[in-house]
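One-letter residues, chain by chain:
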Amino acid sequence: MHSRRGHRSRKIEPAYRRSALRNYDNEAKPLDYLDIRGDDEKVLKIQSIDFNIPANATAHHTDDYELTIHREENGRRYAPWLVVRRGQPFDITLLCNRPFNKETDDFCLVFELGDLPKVSRNTSVLIIMSDKDKPGCWGAKVKEVKEDSVTVTVFTPSKCFVGKWQFGIDSLQKANKERVFRYADKSPIYILFNAWCKEDSVYMEDETFRNEFVLNDVGKMYAGNHKQVCAKPWNFAQFEDFILDCVFYTLDLVKMPYRLRGDPVLMVRRISASANAQDDDGILEGNWSGDYHGGTPPIAWSGSEAIMSEFWRTLHPVKYGQCWVFSGIVTTMCRAVGIPARCVTNFSSAHDTDGSITIDDYWDISGSPLSDYCNDSIWNFHVWNDVWMARPDLPDGYGGWQAIDATPQETSEGVYCCGPASVKAIKEGLLQYPYDAGFIYAEVNADRVHWIKQADGTWRKNLEKSAIGRKISTKMPVGKTGPDKKLPDRDDVTLAYKYAEGSKEERESVKKACSSATTDVTYEEDIEDMAFNLEELDTVLIGEAFDVMLEIENKSDKQRNMCVTLSAAVTFYTGLEMNRLKIIHQKIAVEPKTKGSVSMKVEPNEYLRQLVELANIKISVMVNVEETGQSYAKNDDFRLIKPDLVINGPKEVVVGKQVLYDISFTNPLDVPLTKCQYQCEGPGLQRAKRVNIGNVAPGEKAVALVDMTPRRCGKNRQLVAVFHSAELVDVSGSLDITVKKE
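Residues numbered from 1 in each chain as written. Predicted model: local features only at pLDDT ≥ 70, side-chain atom pairs only at ≥ 80, totals over all residues. Heavy atoms only, no water.

**Here's the deal with unusual backbone geometry**
Argument step 1. A cis amide bond links Lys319 with the next residue in sequence, Tyr320, at an omega value of 0 degrees.
Argument step 2. Structurally, Tyr320 is set in strand E16 (residues 318–321).
Argument step 3. Cis geometry is adopted by the peptide bond preceding Pro420, which originates at Gly419 and carries an omega value of 5 degrees.
Argument step 4. The topology assignment puts Pro420 in the loop between strand E20 (400–404) and strand E21 (421–422).
Argument step 5. Positioned with a positive phi, Lys255 is a non-glycine residue whose angle comes to about 55 degrees.
Argument step 6. When you line up the elements, Lys255 lands in the loop between helix H4 (243–253) and helix H5 (264–274).
Argument step 7. We note that Asp730 has phi near 60 degrees; this positive angle belongs to a residue other than glycine.
Argument step 8. Inspection of the secondary structure assignment puts Asp730 in strand E40 (residues 729–740).
Argument step 9. Taking relative accessible area as the criterion, Asp730 reaches 11% and is therefore assigned buried. (Helix = DSSP H or I, 4+ residues; strand = E, 2+ residues; numbered from the N terminus. Buried < 20%, exposed > 50% of the residue type's maximum accessible area, 1.4 Å probe, protein only.)

So this is what it looks like as structure tokens:
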């Protein structure tokens, strides 16, 4: 599923890459003059173009893009470029060699996209001045004439192709409309999707939602398991100066035609494909092996900037990522181009490999899994994305949030991508609607079937109807809170994806979905006279012992004898077992109408040296009742709790002035931590950096001092730190910081 072939040779470096670095010796950029009819003193000439970047960027909600800011860094000057959103006018001012004469002079604006722009493909657009704005069309009109300057208002259609447009102006004479001069500015104009425009298919009415899902460059993802939900801070960094060019380059990698780049449905599908390197040398290479030699362990990343910066620098896939890293990258890419996006975590997330809409586990009668039969899996958690848009290709009512997933699990139409699938269609079990609704439906609402092989070779079935898809979570917009006291900004969106477990509507949805499944499924079971309850664990601190407890109740009028198997194993978060820690087999008799129990204790020395990555433990139970043949199988996952990471330092700082932060936590293990390092970053605060701190003895503090010089003003900027060592990983923390002007 996660195998990787060797990379192909990297394609030719994109022509715009060097210009995207924006390193100029002079702030002013010259115009290219294309002389068509010879130099005529009477001809109106443009001396310079003012793109009114501060005013336009503010009006278009693009003023946080570093591309729009004139700044100096490391001795280099960075000239500002214009970033606007489609379907919304913007103004440019032309400084001419003489006053503009409305009776004799005219202009034709030229917008070109791609290496070979064509009028027939709408990648070459010519706009003649007009006093009328035609809705949904390109247009331009003279707004103001003042001495030798002319302010022109430009209109772009709400379905305009999204990309990096080159811009020029032809000077015309109204008498014959022949072009006299073309003034082609070297500065590009970036045109993005527009969630503020009602005619744009990504329009989002709620301003609070727009501020969060388009403009917020920091956020959280959720991890752990459904009993131990924890927040993982993440810096999306969609406004960093190279991000837009990087995103557009990846669309070239997946061969997305420019004529399709106005459709957000097709755009997010390509983004889903280009974020992973599985079949197109995209941004991030997945790795679930536990061996991350030659790259960065997925758990060590704290945001998107370091990953995308490395990709943009090398033009080779970055090593390595897992689901939450792919989700973070996709959020960055979507928000960068203006598509509302959020990270979504599904706990107890199913991976259905055969399209059966069930997750099938196979056991022998002694309680050991039959691994050769087991192709499906249940991940402790899985993170994907929701993106917001209309769906004109679907019946009315199925727009809004759409699920996409860049984690390379299965192919879709031959490519490792997934979605967009209407969240409402998933809830209703309407799997015929594109794209990949069936795969996502199984992730959130499949039934789990335990197949137990009997002594005579037959199979007995144990069905769990509510094991899959729990506490589906995303971050709430800034300023909103929910009922979760521990994580007040966690938004539980489970009921957006599925009806309440056990409800009539939920069962109807399952049956409707299974009508599209590859196998027939029976949902009813015989009534049994024994009841079992595997006690769930959720508050085990790393370094402590824990007990596995099975409670048994005999509801019959006769004694019942049974064989019970309890086991504990270290697993990856994908459910794959890494190390079996302990297993016991015990026979027990339970008298009529009474209760009993079986337990197993696991000591710290039995698991500490066996742990992998996220410190996940899976406990399993298998019971076979001798008299009736009743079987019971159940798994439970929990995550060992790690210490808190603390960041100390000022919460209000001044742009351009260096500040120092102290990052620390205490080693909770009875062994030294080796190869210790912190990864720190924060959009507008600190570019991604790693700080090595050596070894940390048991009970000692792992301390790092990080200095930074904030680059951009703003509230709620976020400094994120993640600790990683050979023995303990994924200790993270964040601090909200306000950056003010001096």
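**Looking at the sheet that holds strand E6 (residues 90–96)**
Argument step 1. If you trace the four strands from one edge of the open sheet to the other, you get E2-E6-E10-E9, paired in antiparallel fashion. In this open sheet, the two edge strands, each paired with only one partner strand, are strand E2 (46–50) and strand E9 (139–146). If you compare each strand with its neighbour and ignore which way they point, the axes differ by 25 degrees on average.
Argument step 2. Two strands pair when backbone bridges link them, and E2 and E6 are joined in this way by four bridges, in the antiparallel orientation. What sits directly across from Asp50, in E6, is Thr93. (Pairing = 2+ DSSP bridges. Axes fitted to C-alpha atoms, helices over the stretch in contact; angles between N-to-C directions.)

**Examining the sheet that holds strand E24 (residues 470–475)**
Argument step 1. One open sheet holds the six strands; their spatial order is E21-E20-E19-E17-E24-E25, and the pairing between them is antiparallel. Of all the strands in the sheet, just E21 and strand E25 (490–492) have a single pairing partner and so form its edges.
Argument step 2. One ladder, built from ten bridges, connects strand E17 (residues 341–351) with strand E19 (residues 377–389); its direction is antiparallel. Among the inter-strand pairings, Ser349 is bridged to a residue of E19, identified as Trp379.
Argument step 3. Strands E17, E19 and E20 of the sheet are contacted by helix H7 (residues 323–337), whose axis makes an angle of about 5 degrees with E19.
Argument step 4. In the packing of helix H9 (residues 437–445) onto the sheet, the strands contacted are E17, E19, E20, E21 and E24, and the crossing angle to E17 comes to about 70 degrees. (Contact = heavy atoms within 4.5 Å.)

**With respect to the state of the cysteines**
Argument step 1. Summed over all chains, the structure comprises zero disulfides.
Argument step 2. Residue Cys334 stays outside any disulfide, its sulfur separated by 9.9 Å from that of Cys343, the closest cysteine.
Argument step 3. Residue Cys334 is classed as buried on the basis of its relative accessible area of 0%.
Argument step 4. The closest cysteine sulfur to the non-disulfide-bonded Cys676 is located on Cys680, 14 Å from its own sulfur. (Disulfide = S-S within 2.5 Å.)

**Comments concerning helix H3 (residues 207–215)**
Argument step 1. Burial in H3 covers these residues: Arg210, Glu212, Phe213, Val214 and Leu215.
Argument step 2. Check the buried side of H3 and you find it contacts strand E5 (82–85), strand E13 (218–224), H7, E17, E20 and E24.
Argument step 3. Of the residues flanking the start of H3, the one acting as N-cap is Asp206, its side-chain oxygen 2.8 Å from the backbone nitrogen of Thr208. (Polar contact = N/O pair within 3.5 Å; in protein donor to acceptor, adjacent residues only side chain to side chain.)

**Describing the pattern of salt bridges**
Argument step 1. For the structure on display, the rule yields 37 salt bridges.
Argument step 2. For Asp245, the salt bridge identified is with Lys164, shortest N-O distance 2.8 Å. Linking Asp245 in helix H4 with Lys164 in strand E11 (residues 163–173), this pair joins segments that are 81 residues apart in sequence.
Argument step 3. When its relative accessible area of 11% is taken as the criterion, Lys164 is described as buried. (Salt bridge = Lys/Arg side-chain N within 4 Å of Asp/Glu carboxyl O.)

**Focus: the nonpolar core**
Argument step 1. Among the nonpolar cores identified, the biggest contains 98 residues, and Leu244, Trp324, Ile339 and Tyr497 are the most heavily contacted of them.
Argument step 2. Looking at this core, the element that brings in the most residues is H7, giving ten residues.
Argument step 3. Ignoring anything within four residues of it in the chain, the contact list for Trp324 reads Met221, Lys232, Trp234, Pro298, Ile299, Phe381, Val383, Tyr573 and Leu614.
Argument step 4. The next biggest cluster of nonpolar side chains, apart from the first, holds 61 residues, and it includes Val564, Ile619, Ile663 and Ala704. (Core = buried A, V, L, I, M, F, W, Y, C linked by side-chain atoms within 4.5 Å.)

**Some thoughts on the environment of Phe90**
Argument step 1. One can find Phe90 in strand E6.
Argument step 2. Among the residues examined, Phe90 registers a relative accessible area of 1% and is labelled buried.
Argument step 3. When the C-alpha atoms of Phe90 and Ala57 are compared, they prove to be 9.1 Å apart, with 33 residues separating the residues in sequence.
Argument step 4. Not counting the four nearest positions on each side in its chain, Phe90 is found in contact with Asn56, His60, Leu82, Val84, Phe111, Val152, Thr153, Val154 and Thr156.

**Re the environment of Gly355**
Argument step 1. Within the secondary structure, Gly355 is located in the loop between E17 and strand E18 (358–363).
Argument step 2. With 255 residues separating them along the chain, Gly355 and Gln610 place their C-alpha atoms 34 Å apart.

**Quick notes on H5**
Argument step 1. By the criterion of burial, H5 is predominantly enclosed, with ten of the eleven residues buried.
Argument step 2. Considering only its buried residues, H5 is in contact with H4, H7, E19 and E20.

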